[in-house]
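Commentary on secondary and tertiary structure
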There are 2 protein chains.
Amino acid sequence: MTEIHQPDPAAVIDLLGVLAYGELSAFDRMAHDARMAPSTALRAALAEKAALEMGHYRKLVDRIAELGADPQQAMAPFVMPVETFHARTEPRSWGEALVKAYVGDGLAADFYREIASYVDESTRSLVDEALADSGKAEFAIREVGVLLVQDPKMASPLSLWGRRLVGEAISRSQAVIAEHDHLAGLIVEGTGDLSAIGRLIERITAAHTDRMKALGLNP
Amino acid sequence: MTEIHQPDPAAVIDLLGVLAYGELSAFDRMAHDARMAPSTALRAALAEKAALEMGHYRKLVDRIAELGADPQQAMAPFVMPVETFHARTEPRSWGEALVKAYVGDGLAADFYREIASYVDESTRSLVDEALADSGKAEFAIREVGVLLVQDPKMASPLSLWGRRLVGEAISRSQAVIAEHDHLAGLIVEGTGDLSAIGRLIERITAAHTDRMKALGLNP
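A few points on the structure. (Residues numbered from 1 in each chain as written. Chains lettered and ligands numbered in written order. Predicted model: local features only at pLDDT ≥ 70, side-chain atom pairs only at ≥ 80, totals over all residues. Heavy atoms only, no water.)

Re the packing of helix 2 (residues 40-66) of chain A against helix 6 (residues 136-150) of chain A
All names here are of chain A. Contact geometry of helix 2 with helix 6 gives a least axis separation of 11 Å together with a crossing angle of 155°. When the interaxial angle is binned, helix 2 and helix 6 end up roughly antiparallel. Here helix 2 and helix 6 pass one another in a crossing that is left-handed. Contacts between helix 2 and helix 6 involve Leu42, Ala45, Leu46, Lys49 and Glu53 on the former and, on the latter, Lys136, Phe139 and Glu143. (Axes fitted to C-alpha atoms, helices over the stretch in contact; angles between N-to-C directions. Helix = DSSP H or I, 4+ residues; strand = E, 2+ residues; numbered from the N terminus. Parallel < 35°, antiparallel > 145°, perpendicular 65-115°, else oblique. Left-handed = near helix turned anticlockwise from the far one by under 90°. Contact = heavy atoms within 4.5 Å.)

So, the environment of Pro71 of chain B
Residues and elements named next belong to chain B. Take Pro71: it is sitting in helix 3 (residues 71-88). On the accessibility criterion, Pro71 (13% relative accessible area) is buried. With 16 residues separating them in the primary sequence, Pro71 and Ala87 have C-alpha atoms 24 Å apart. When sequence neighbours within four positions are dropped, the list of residues in contact with Pro71 reads Val61, Ile64 and Ala65. (Buried < 20%, exposed > 50% of the residue type's maximum accessible area, 1.4 Å probe, protein only.)

A short note on the environment of Leu147 of chain A
All names here are of chain A. Here Leu147 shows up in helix 6. Leu147 sits in the buried class, given a relative accessible area of 12%. Through-space distance from the C-alpha of Leu147 to that of Ser93 is 11 Å; in sequence the pair is 54 residues apart. The contacts of Leu147, once residues within four sequence positions are left out, are Trp94, Gly95, Leu98 and Met154.

A short note on the nonpolar core
Of all hydrophobic cores here, the largest spans 146 residues; its most connected members are Phe27, Trp94 and Val99 of chain A together with Leu15, Phe27, Trp94 and Val99 of chain B. Among residues more than four places away in sequence, those in contact with Phe27 of chain B are Phe27, Ala31, Ala47, Ala50 and Ala51 of chain A together with Ala50, Ala51, Glu53 and Met54 of chain B. (Core = buried A, V, L, I, M, F, W, Y, C linked by side-chain atoms within 4.5 Å.)

Some thoughts on the packing of aromatic side chains
Inspection of the entire model under this criterion finds 5 aromatic pairs over all chains. Taken together, a centroid distance of 6.4 Å and an interplanar angle of 75° make the contact between Trp94 of chain A and Phe139 of chain A edge-to-face. Remark: Phe139 of chain A occurs in helix 6 and Trp94 of chain A occurs in helix 4 (residues 94-116); sequence separation between them is 45 residues. Judged on exposure class, the residue Trp94 of chain A and its partner Phe139 of chain A are both buried. Each ring, one from Phe111 of chain A and one from Tyr112 of chain A, has its centre 5.8 Å from the other, and the planes form 55°; the classification is tilted. When the ring centre of Phe139 of chain B is taken as reference, the NZ or CZ atom of Lys49 of chain B above it lies at 5.3 Å. (Phe/Tyr/Trp six-rings, centres within 6.5 Å; stacked < 30°, edge-to-face > 60°. Lys NZ or Arg CZ within 6 Å of the ring centre and 35° of its normal.)

Topic: the relation of the copies chain B and chain A
Each of the two chain copies can be generated from the other by rotation about an axis followed by a shift along it. When chain B is fitted to chain A, the residual RMSD is 0.0 Å, and the transformation amounts to a turn of 180° plus an axial shift of 0.0 Å. The operation mapping one copy onto its partner corresponds to a two-fold rotation axis. Looking at the rotation axis and the C-alpha trace of chain B, the residue lying nearest is Ala51 of chain B, at 2.2 Å. Looking at chain B, 100% of its interface residues are interface residues in chain A too, so the copies touch through the same face. (Least-squares fit on C-alpha atoms with pLDDT ≥ 70 in both.)

Remarks on the side chain of His86 of chain A
Structurally, His86 of chain A can be placed in helix 3 (residues 71-88). Engagement of the side chain of His86 of chain A in a polar contact is seen with the side chain of Lys100 of chain A, the distance being 2.9 Å. (Polar contact = N/O pair within 3.5 Å; in protein donor to acceptor, adjacent residues only side chain to side chain.)

A short note on empty space enclosed by the protein
Residue and element names in this part refer to chain B. Scanning all chains against the criterion turns up 1 cavity of 30 Å³ or more. The space that makes up the largest cavity amounts to roughly 30 Å³. In terms of lining, the largest cavity is formed by Leu46, Lys49, Leu98, Ala101, Lys136, Phe139 and Ala140. Secondary structure elements with two or more residues in the lining of the largest cavity: helix 2 (40-66), helix 4 (94-116) and helix 6 (136-150). (1 Å grid on protein atoms, 1.4 Å probe; cavity = no way out; pocket = protein on both sides within 12 Å on 5 of 7 lines; lining within 4 Å. Points joined across faces, edges and corners; volume = space filled by probe spheres on them.)

Structural notes on the interface of chain B and chain A
Between chain B and chain A, the contact holds 22 residues from the first and 22 residues from the second. Put simply, chain B and chain A have 10 residue pairs in polar contact (both at pLDDT 80 or more) between them. If you list the elements that add at least two residues to the side of chain B that touches chain A, you get helix 1 (9-33), helix 2 and helix 3 of chain B. With 11 residues, the top contributor of residues to the side of chain B that touches chain A is helix 2 of chain B. Tallied by class, the residues present in the side of chain B that touches chain A amount to 12 nonpolar, 3 polar and 7 charged. (Nonpolar A, V, L, I, M, F, W, Y, C, P; charged D, E, K, R; others polar.)

Printed below as a string of structure tokens:
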């Protein structure tokens, strides 16, 4: 008889809390970054992607309430680290905004999916739904392609920007895990040991490399 | 035999163009104003209302394309007046943001509905849908009520703010009509004569008065 693994309920609330605040914050930042678009059509395209994040936010917050926790309290511990990540990776151009929308969100999605693989089935499918790409990848790949044709010299600074995003994302995630025992416990329990966290980061950086190549940039 | 009135197709495109840009701009401004909310829950509530504007935007833009016009070109003449309205009515507090979300949008909706009453049925119902309130009124009335209970002295500056919004909205609308012959023609044709524009403004200010009272403010 196999033992059915029940994840720590507090860890599930932490996971949903950081994700929910991440969605609200992604909405906010993408809505802001859309202003840098070179045309009204592209501005609207990024604004539409931002708007979709609020649908994900609603589902995550409803789930937190369903589990008997307060969504505001669940999000509160993650406001500062998420805002710090965004403050340190504020795009200064349309190209940087596009790379961040794709690469930054891709990194966050990979990280959350890894953690979600250790929780119950229904939480996992909600997380997967919230992290659905909604066409951001295709949009960013196409529009970064347009920029690189117009000005091939942008490949070098945008590649550097991608490396900065991955560096910030990893150091912010490590800080979040270090400060949240429930989440750390979930990962250690799920992976078996702490050395597995190294392999987790390896998988995430491998997926990041693929995204940078898809954009035509150097990983 | 009654003559079936066919509105000027260029006027319909103008109407849809100003409305579409208005929605994109409302999204942008409300997403930005949401940052002033006193809690994450209220911030998310305004962000969710902002996100709904993008659904309206999409329908208006699709309709412009259906009618054989280019959405970007249709919006272009209205970017400046809409942005000027927002730049002159930038909320400096959560209370001002709430009053603007309700009173400002209400004014715009009344104005567009008046004009839409002179166009064809299918355009009119699309405009009505785009202008659907989506719960903003209820939200603003409740939250302004909370602010006035906490600090009754805010009634006076917020009432002044409402008067500034209506003044700016009317002067911006008049400028837009004066500069766009198709729209002006639509109104003159629809109302019968130029003096009817005075009555139109009277109806709009009467509805504004009702909204200010609903907020517990002096019109």
